[in-house]
Amino acid sequence: MWAVSRRRVASSSVLGQSFRNARPTRCYSSSNEGYAMTLVSRKGSSQVSGIVGSLGFPVGSKPLRDVISFVRRYPPIFVHTRSFSSDTGELVDAVVPFMGESITDGTLSNFLKQPGDRVEVDEPIAQIETDKVTIDVSSPEAGVIEQLVAKVGDTVEPGTKIAVISKSGGVTHVAPSEEKSSKAASEVSPAKTKKVETEKPKEETPPSKEKPKAPSLPPSKPSAKEPQLPPKERERRVPMTRLRKRVATRLKDSQNTFAMLTTFNEVDMTSLMKLRSDYKDAFLEKHGVKLGLMSGFVKAAVSALQNQPIVNAVIDGNDIIYRDYVDISVAVGTPKGLVVPVIRNADRMNFAEIEKGINTLAKKANDGSLSIDEMAGGSFTISNGGVYGSLLSTPIINPPQSAILGMHSIVSRPMVVGGEVVPRPMMYIALTYDHRLIDGREAVYFLRRIKDVVEDPRRLLLDV
């Protein structure tokens, strides 16, 4: 029998006239197993064909017309085609990039592309979830995803290969003869199985003697003391994400490390809300961003930190590190977990710059595009639980900081103003601090300063 093995670079079809215009390129025979092969190529094309025979004579010693006539007389000829990309070095690996100095590994969360999909240079093909951020794995070359090496859920390190990309975009094809032979085998095998089953004689089993059935006892009633647990099929077990595990670890470490104490106060929001109402249109027109309440609290926190520098300090071993800068961390809740991006040098910013910074960081947090640098550091944290309707809470310190300010919802409550009871928009604020470093006096003064600035923003202009 003969078999013809063809490799092609450009797609075209098989034998008819291909051997008419064929010319030998190189011939050789294998004497070990009695096979002979001659490689021929069509004129005007980039195809490479190989004819392999097992009749015991070297094809290379025969004229080409004899080979062609022999192929026509003995038809079972099988044609195989596949891409040359693996032979010419056109496969490139997509590997996990460097993820940051403090991040050594991550979890492969999902693939954005599948085998056979077309990708461009630097197009994301997968996402790696780390303790802090989600990092994209980009394609190093344009081409087609040929193979996914890693699996979703695997722990990967920088440099780990996760996919193979073919720059030529070739796809492996299955030979038509192989498809037919496999289909024929699959069709024949069930028929043979049925025939064997029909020819197999049935063994006669002797009739079994039926034993008298014992009377069934009624099911025992559960005792009143047994707890009625919900069925297991109504429970779901979902693995924690790396970000959630990191947040849980840091919060528990904070609780175990710090001597946390929380002090409270309430703020009349009338002046700040009136300032916002009066100038929101002009502010938006000039700066292109809406005037919110967070910028007012950030400016108030900067003023309080400058008045009480111990709240901006941190314990390091047996030393106290005083920070002469103010980097405000803003807690943002996302579907994947809590992230705390940082507003750098908040003491040098005005209201518009703070609002723009908060908006940019909030969008990146929700999109999952925050970088490591945007979340590193921070000397003080503000957490606004009021956006979710929280009336009062005791926030937990974000290590390695020493204090955190908690904002809450604004509620209209009756207050005594000038000897009269009037409704006022009030907000409870809370300061949780490390009592090892910060005494109660400094904590109360700090919170009092925030109250004074929010209730009368003119203090910021006069620095009083």
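Residues numbered from 1 in each chain as written. Predicted model: local features only at pLDDT ≥ 70, side-chain atom pairs only at ≥ 80, totals over all residues. Heavy atoms only, no water.

Trainee: In this structure, what is going on with the layout of surface pockets? I would like to understand it.
Mentor: Rolled over the atoms, a probe sized like a water molecule indicates the empty space that remains. As a volume, the largest pocket reaches approximately 1,200 Å³. Listing elements by their share of the lining of the largest pocket, those giving two or more residues are helix H3 (242–257), strand E17 (332–334), strand E18 (337–339), helix H6 (351–367), strand E20 (380–384) and strand E21 (403–407). Ranked by residue count, the leading element in the lining of the largest pocket is H6, at 6 residues. A per-class count over the lining of the largest pocket returns 27 nonpolar, 15 polar and 6 charged. Put simply, the second largest pocket is a space of about 670 Å³. In terms of lining residues, the second largest pocket is bounded by 25 residues, among which Leu275, Phe351, Pro457, Leu460 and Leu461 are the most central. Elements supplying a minimum of two residues to the lining of the second largest pocket: helix H4 (270–287), helix H5 (294–307) and helix H8 (458–462). In terms of residues, the lining of the second largest pocket owes the most to one element, H4, which gives 9 residues. (1 Å grid on protein atoms, 1.4 Å probe; cavity = no way out; pocket = protein on both sides within 12 Å on 5 of 7 lines; lining within 4 Å. Points joined across faces, edges and corners; volume = space filled by probe spheres on them. Helix = DSSP H or I, 4+ residues; strand = E, 2+ residues; numbered from the N terminus. Nonpolar A, V, L, I, M, F, W, Y, C, P; charged D, E, K, R; others polar.)

Trainee: Where do I start with unusual backbone geometry in this structure?
Mentor: Each neighbour pair has its own omega, and for proline 399 with proline 400 the value is 0°, a cis peptide bond. Checked against the element boundaries, proline 400 lands in the loop between E20 and E21. For aspartate 122, which is not a glycine, the phi torsion comes out positive at approximately 65°. With respect to the helices, strands and loops of the structure, aspartate 122 is situated in the loop between strand E7 (118–119) and strand E8 (124–129). With phi around 55°, aspartate 463 is a residue other than glycine that occupies positive phi space. With respect to the helices and strands, aspartate 463 occurs in the segment after H8. Note on aspartate 463: relative accessible area 65%, which makes it exposed. (Buried < 20%, exposed > 50% of the residue type's maximum accessible area, 1.4 Å probe, protein only.)

Trainee: Help me understand H4 in this model?
Mentor: If you check H4, its first and last C-alpha atoms are 24 Å apart, about what 18 residues at 1.5 Å a residue would give, namely 26 Å. Of all the bends in H4, the largest measures some 55° and sits at tyrosine 279. Phi turns positive, to about 70°, at glycine 288, one or two residues after H4. (Expected span 1.5 Å × (residues − 1). Bend = angle between axes of the 7 residues up to and from the residue.)

Trainee: How do you make sense of the pattern of salt bridges when you look at a structure like this?
Mentor: Side-chain pairs of opposite charge can arise where the charged atoms are in close proximity. This model, assessed by the stated rule, comprises 12 salt bridges. For aspartate 327, the salt bridge is made with arginine 344, and the minimal N-O distance between the two is 3.6 Å. Separated by 17 residues along the polypeptide, aspartate 327 in the loop between strand E15 (319–321) and strand E16 (328–330) and arginine 344 in the loop between strand E19 (342–343) and H6 bring together distant segments of the chain. Overall, arginine 344 belongs to the partly exposed group, its relative accessible area being 32%. When the shortest N-O distance is used, the salt bridge between aspartate 456 and arginine 458 registers 3.0 Å. (Salt bridge = Lys/Arg side-chain N within 4 Å of Asp/Glu carboxyl O.)

Trainee: What is the right way to read the nonpolar core from this model?
Mentor: Formed by 68 residues in total, the largest nonpolar core has its most connected members in Ile125, Ile162, Phe297, Ile328, Phe380, Ile382 and Ile450. For this core, the element with the highest residue contribution is H5, accounting for 8 residues. Discounting chain neighbours no more than four positions away, the residues touching isoleucine 450 are Phe297, Ala300, Ala301, Ala304, Leu405 and Ile429. (Core = buried A, V, L, I, M, F, W, Y, C linked by side-chain atoms within 4.5 Å. Contact = heavy atoms within 4.5 Å.)

Trainee: Explanation requested: the sheet that holds strand E6 (residues 106–111) in the structure shown.
Mentor: To summarise the sheet geometry, strands pair through backbone hydrogen bonds and adopt either a parallel or an antiparallel arrangement. In spatial order, the strands read E9-E8-E6-E11; together these 4 strands make up an open sheet with antiparallel pairing. One side of each edge strand has no neighbouring strand; the edge strands of this open sheet are strand E9 (134–138) and strand E11 (155–156). When E6 meets E11, the two strands line up antiparallel, connected through 2 bridges. Residue pairing for E11: glycine 106 is matched across the bridge by valine 156. (Pairing = 2+ DSSP bridges.)

Trainee: Whenever I open this one, the confidence of the model for the chain confuses me. Can you help?
Mentor: It should be kept in mind that the predicted coordinates are not to be read in detail where pLDDT is low. On average, residues of the chain score 76 in pLDDT, and 68% of them are at 70 or above. Across the chain, the element-wise mean pLDDT spans from 39 in strand E1 (residues 2–7) up to 97 in E21. Contacts for the low-pLDDT stretch residues 1–61, under 50 throughout, to residues beyond four places or in other chains number 119 contacts. (pLDDT = per-residue confidence, 0-100.)

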